[in-house]
2 protein chains.
Amino acid sequence: MKLTPEQLRAFDDEGYVFLPGCFSEEEIALLRIEAENILKPDRQEIWREKSGAPRTAFAAHTFSEVFRLLAHHPRLVEPLRQLFGEDVYVHQFKINAKAAFEGDVWQWHQDYGTWARDDGMPEPRAMNIAVFLDEVMPINGPLMIIPKSHKHGTLAAGHDELTTSYPLWTLDKETVTRLCADGGIVAPTGKPGSALMFHGNIVHASPPNITPYPRKIVYLTLCAVSNHITKFTRPEWIAHRDFTPIVPVADDALAAWGRAHRVAAE
Amino acid sequence: MKLTPEQLRAFDDEGYVFLPGCFSEEEIALLRIEAENILKPDRQEIWREKSGAPRTAFAAHTFSEVFRLLAHHPRLVEPLRQLFGEDVYVHQFKINAKAAFEGDVWQWHQDYGTWARDDGMPEPRAMNIAVFLDEVMPINGPLMIIPKSHKHGTLAAGHDELTTSYPLWTLDKETVTRLCADGGIVAPTGKPGSALMFHGNIVHASPPNITPYPRKIVYLTLCAVSNHITKFTRPEWIAHRDFTPIVPVADDALAAWGRAHRVAAE
């Protein structure tokens, strides 16, 4: 899958591209069930909210076959190879749970701010592709992004270790207000299987989820191979140190796994 | 202003009626400026978030002329006299600030649950009319309501004194999930001046506001005079003890005050 010239222009201008229906219901059902199983047990890769509800699962692509297929999926990998003009590797892989009633806030931040400060990533030549595992609605803690904010470079940030269980380099209110004056805030919503690519310097946040509707999103972070990280301050399962270029799987790999799995289970 | 037969039927079925454009921009501008001034100083009627930002101002209609006019406004009073079939009095008057970046959650609750338990109000023959002073958007902590939840009577609740600075009788996750299975959640959004009437037993909540956009709403609670409260456990400025029937002001009273005020200021 390649981005169209219009999508490339939109990405340059706005800093994001939204791709509804990127994965089928059948493909997403596999991932959602697997994510729910992954988020249950206590293991070091699963971070929890202060309430105990799951917040983030790291590195599921290293211990789950269906998430390995997702991290190597051509619908996610190809557009980023196209944008960066070179091979990419997996810098980070998260399932953010935003659990029903319990999912807590992610304060306003830029991802590249953390990758630069904590991981020594040279340039913002890495980015997230978010894949919706549940329906993202305006009411269940959607991802909010500030269009055009990627044009401001890496902004000054403070290290927030108090608000939530996850330490984050966050922006102050004055900066966020100034950035919003330009293009406001958008909160892309849509069915499970929708995908959202956004520039590493796009400022984003998400509010708590107070509804009965969980809002799981996978964040696959792909980095240009030549731009690999240079500092190893975080565990390997948070900021990966294997810079091997991704070789994409077949486009129907998830569906084929699903069929094989069902056959095997009968 | 009278509700139409369609609006009355919608209220019976769904538990709420949304009235966009109930007040003009000119009328709302007066109220918004006054609200911002009221929320600034420290006084006992102003409750604050844990962060110090204003959360709720009580009883502004007792010390602000423009809010006195709002509490006596025929566009709010007449529909409730029509619904209850008798005169009404002001049971409570709140300006909920939901401040930019700081406005905190209101957990799922029924207002009548508090009025019954804390104030000894005999029946759910009182209700809120919410008047939007700012634009209410999906992103800035909108009021969320569960349609049809008023048909379940007064539900079991626990007294939450921990989550926020304001004690509230809140519903548990199982109850909210069960109620949502019926008709989901709606979050009416709209321009300043929109109004929302909702039954005293409608289950509602609002998430924190993490955006730069404040979301001030006035909640005018009117109670049928024959249904006045019988227990006085809360301060008079939270649960009023003056059961005098409201005599509505003229429909143009706010606009006239605005004109007179501008003339006087010149």
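Just above, that's the structure.
Residues numbered from 1 in each chain as written. Chains lettered and ligands numbered in written order. Predicted model: local features only at pLDDT ≥ 70, side-chain atom pairs only at ≥ 80, totals over all residues. Heavy atoms only, no water.

## Quick notes on the sheet that holds strand E12 (residues 217-224) of chain A
All names here are of chain A.
At step 1: Reading across the sheet, the seven strands line up as E1-E10-E6-E12-E4-E3-E2 and stay open at both edges, with antiparallel pairing between neighbours. With partners counted over all chains shown, the strands left at the sheet margins are strand E1 (16-19) and strand E2 (46-48), one partner each. For this sheet the average axis-to-axis angle between neighbouring strands, irrespective of direction, equals 20°.
At step 2: With seven bridges connecting them, strand E6 (residues 126-132) and E12 associate as antiparallel partners. Bridging across to E12, Met-127 finds its partner in Leu-222.
At step 3: Contacting E1, E6 and strand E10 (195-199), helix H1 (residues 5-14) crosses the sheet at an angle of about 135° to E1.
At step 4: Together, strand E4 (88-96), E6, E10 and E12 form the strand contacts of helix H4 (residues 74-84), whose direction differs from that of E6 by roughly 155°. (Pairing = 2+ DSSP bridges. Helix = DSSP H or I, 4+ residues; strand = E, 2+ residues; numbered from the N terminus. Axes fitted to C-alpha atoms, helices over the stretch in contact; angles between N-to-C directions. Contact = heavy atoms within 4.5 Å.)

## Regarding the interface of chain A and chain B
By convention, interface size is frequently given as the accessible area that disappears when the constituent parts associate.
At step 1: Listed per partner, the contact involves 22 residues of chain A and 22 residues of chain B.
At step 2: Interface of chain A and chain B: buried area, both sides summed, is about 1800 Å²; carbon and sulfur atoms make up 77% of it.
At step 3: Taken together, chain A and chain B are joined by two salt bridges.
At step 4: Among the salt bridges present, the one from Lys173(A) reaches Glu102(B), with a minimum N-O distance of 2.7 Å.
At step 5: One can count four residue pairs in polar contact (both at pLDDT 80 or more) joining chain A with chain B.
At step 6: For the side of chain A that touches chain B, the element with the most residues is helix H6 (residues 173-183) of chain A, which contributes four residues.
At step 7: Looking at the side of chain A that touches chain B residue by residue, the classes come out as 16 nonpolar, four polar and two charged. (Buried area = accessible area lost by both parts, 1.4 Å probe. Salt bridge = Lys/Arg side-chain N within 4 Å of Asp/Glu carboxyl O. Polar contact = N/O pair within 3.5 Å; in protein donor to acceptor, adjacent residues only side chain to side chain. Nonpolar A, V, L, I, M, F, W, Y, C, P; charged D, E, K, R; others polar.)

## Quick notes on helix H5 (residues 111-119) of chain A
All names here are of chain A.
At step 1: Most of H5 sits inside the fold, with seven of its nine residues counted as buried.
At step 2: Asp-111, Tyr-112, Gly-113, Thr-114, Trp-115, Asp-118 and Asp-119 are the residues of H5 that are buried.
At step 3: Just beyond H5, the residue with positive phi is Gly-120, at close to 60°. (Buried < 20%, exposed > 50% of the residue type's maximum accessible area, 1.4 Å probe, protein only.)

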